[in-house]
Every structure is written in structure tokens, then in C-alpha cells.
Amino acid sequence: MRFSKQRSGYRRIEAQMAPMIDVVFLLLIFFMLTLKVVSSEGDFSINMPIGAPAPSNDDLPMLPIKVRLTADEKGQLAGVSLNNQQLGNTDVAFERLNTEILRLIGKPGNPLTKDMEVEIDADFGLHYRYTVQAISACTGKVNSNGQPVKYIEKIKFSQPRKPE
């Protein structure tokens, strides 16, 4: 390195960037190649208790469960059926629907029911309140303590039908 004297003092020397980057990369490669990965300390072999056997899917109905709501000319409820089983055409039909859904799932809160779904097939002219009652009957009920009990949470709808 050489300094030359100018009129106002010494001349400024600039650092070369290319050799500096080369050295940085060489150091990086050196540290990457000499790094030893240390295994974690301690004994992590945990012995878990044997769980109960999973309940079979044979106890549950084929998915989806089909609920059919038919309407008369005025949009009133003409009939409720669950998987082609007639349940009636009054508000008692929704109580029967709730009871039949509970009979199909067995026990409320059963983890196997999380994949179950109900398909509601309603006529085009049916009043909306009947569809809401069917949804309420399929999803659960309120127990004697005032707590909601869930049956099935997945509800889907088929295309609305025109009255025949």
C-alpha cells in the first residue's frame, strides 16, 4: 500500500469489495462444514398407556342422512321424512326427527359423528320456518339444564324442488 503526497494531504484509498466478499464466503463455508449437530440431551422415550379400541363405523348410518320436507300449495308443511321414513306433517314430526337423529348417532358428542352430515331436501315453495325447524331438530336440542346438546353439525341442502 502506497501513500502519495498531494497538495492538501494524503490521497484516500478505497477498499476492494471483491476480495472481501470472497473471504466472507470462505468463512461461511468453513463454519458450515465444521459444524457438528448435537443430539438433544435427555431421555425422551415416553411410554403412553394403551388406548381403548376405536369404535367401528358399522354402528353409524351411511352418510349423508336425508331429510325430505314437502310443501302443499300454500307453502305449509305437508310431510317430513327421514331416509324415506314418514314422520308426519305437524310440529310433532320435528320432535320425531330429533329423536330419530339421536337414535341414529347413538350418543350425543360421539367423535364419530363429526363426519356425519344431514342433507335437507325441501320443496321450493315451503315456508322457511319449517326448514329452520328441521335444521334445529337435526343439530341437537337443549337439555333439562338449559345446555345445548349437539348431535350433527354438518348440514347441506339439495337443490329446491318445485311442488308437484
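Colleague: Mind showing me how you'd approach the overall build of the chain here?
Modeller: A tally of helices and strands in the chain yields 3 helices and 7 strands. In sequence order, the chain lays out its α and β elements as α-β-β-β-α-β-α-β-β-β. For the chain, the proportion of its 164 residues judged to be buried stands at 24%. Relative to all contacts within the chain whose residues are 6 or more apart in sequence, the contacts with residues 24 or more apart total 60%. When the accessible surface of the chain is split by element, carbon and sulfur atoms take 56% of a total near 13200 Å².

Colleague: Sorry if this is basic, but what is going on with the environment of Leu-102 here?
Modeller: Relative to the helices and strands, Leu-102 is located in helix H2 (residues 91-105). Setting aside residues up to four positions removed in sequence, Leu-102 forms contacts with Pro-108 and Tyr-151.

Colleague: Explain the pattern of salt bridges here, please?
Modeller: Note that side chains of opposite charge can pair when their charged atoms are close. Within the structure shown, the criterion is met by 5 salt bridges. Here Asp-123 and Arg-68 are joined by a salt bridge, their closest N and O atoms 3.0 Å apart. Here Arg-68 lies in strand E1 (residues 65-71) and Asp-123 lies in the loop between strand E4 (117-122) and helix H3 (128-139), a separation of 55 residues in the sequence. Judged by relative accessible area, Asp-123 falls into the buried class, the value being 8%. In this structure, Glu-117 engages Lys-156 in a salt bridge whose closest nitrogen and oxygen atoms are separated by 3.3 Å. Residue Glu-117 is located in strand E4, and its partner Lys-156 is located in strand E7 (residues 154-157); the two are separated by 39 residues in the primary sequence. Each member of the salt-bridge network shares a partner with another, and the members are Arg-68, Asp-121 and Asp-123.

Colleague: Please explain the nonpolar core as it appears in this structure.
Modeller: Side chains of a nonpolar character, in soluble globular proteins, are inclined to be buried together. Leu-69, Phe-94, Leu-97 and Ile-101 are the most contacted members of the largest nonpolar core, which has 25 residues in total. Those elements giving two or more residues to this core turn out to be E1, strand E2 (77-82), H2, E4 and H3. It is H2 that provides the largest number of residues to this core, a total of 6 residues. Once residues lying within four places of it in the same chain are set aside, the contact partners of Leu-97 are Val-67, Leu-82, Leu-87, Ala-134, Ala-137 and Cys-138.

Colleague: Looking at this model, I keep getting lost on the pairing of E4. Mind explaining?
Modeller: Put simply, side chains in a regular strand alternate between the two faces of the sheet. Where burial is concerned, most of E4 is hidden: 5 out of the 6 residues are buried. Taken together, the 5 bridges between E1 and E4 define a ladder with parallel strand orientation. If you follow Lys-66 over to E4, its bridge partner there is Glu-119. Sheet topology places E4 next to E7; 4 bridges connect them, and they run parallel. Pairing of Val-118 across the sheet is with Ile-155, part of E7.

About the criteria used
Residues numbered from 1 in each chain as written. Predicted model: local features only at pLDDT ≥ 70, side-chain atom pairs only at ≥ 80, totals over all residues. Heavy atoms only, no water. Helix = DSSP H or I, 4+ residues; strand = E, 2+ residues; numbered from the N terminus. Buried < 20%, exposed > 50% of the residue type's maximum accessible area, 1.4 Å probe, protein only. Contact = heavy atoms within 4.5 Å. Areas by Shrake-Rupley, 256 points an atom, 1.4 Å probe, with all protein chains shown as cover. Salt bridge = Lys/Arg side-chain N within 4 Å of Asp/Glu carboxyl O. Core = buried A, V, L, I, M, F, W, Y, C linked by side-chain atoms within 4.5 Å. Pairing = 2+ DSSP bridges.

The values are spatial; any link to function lies outside them.
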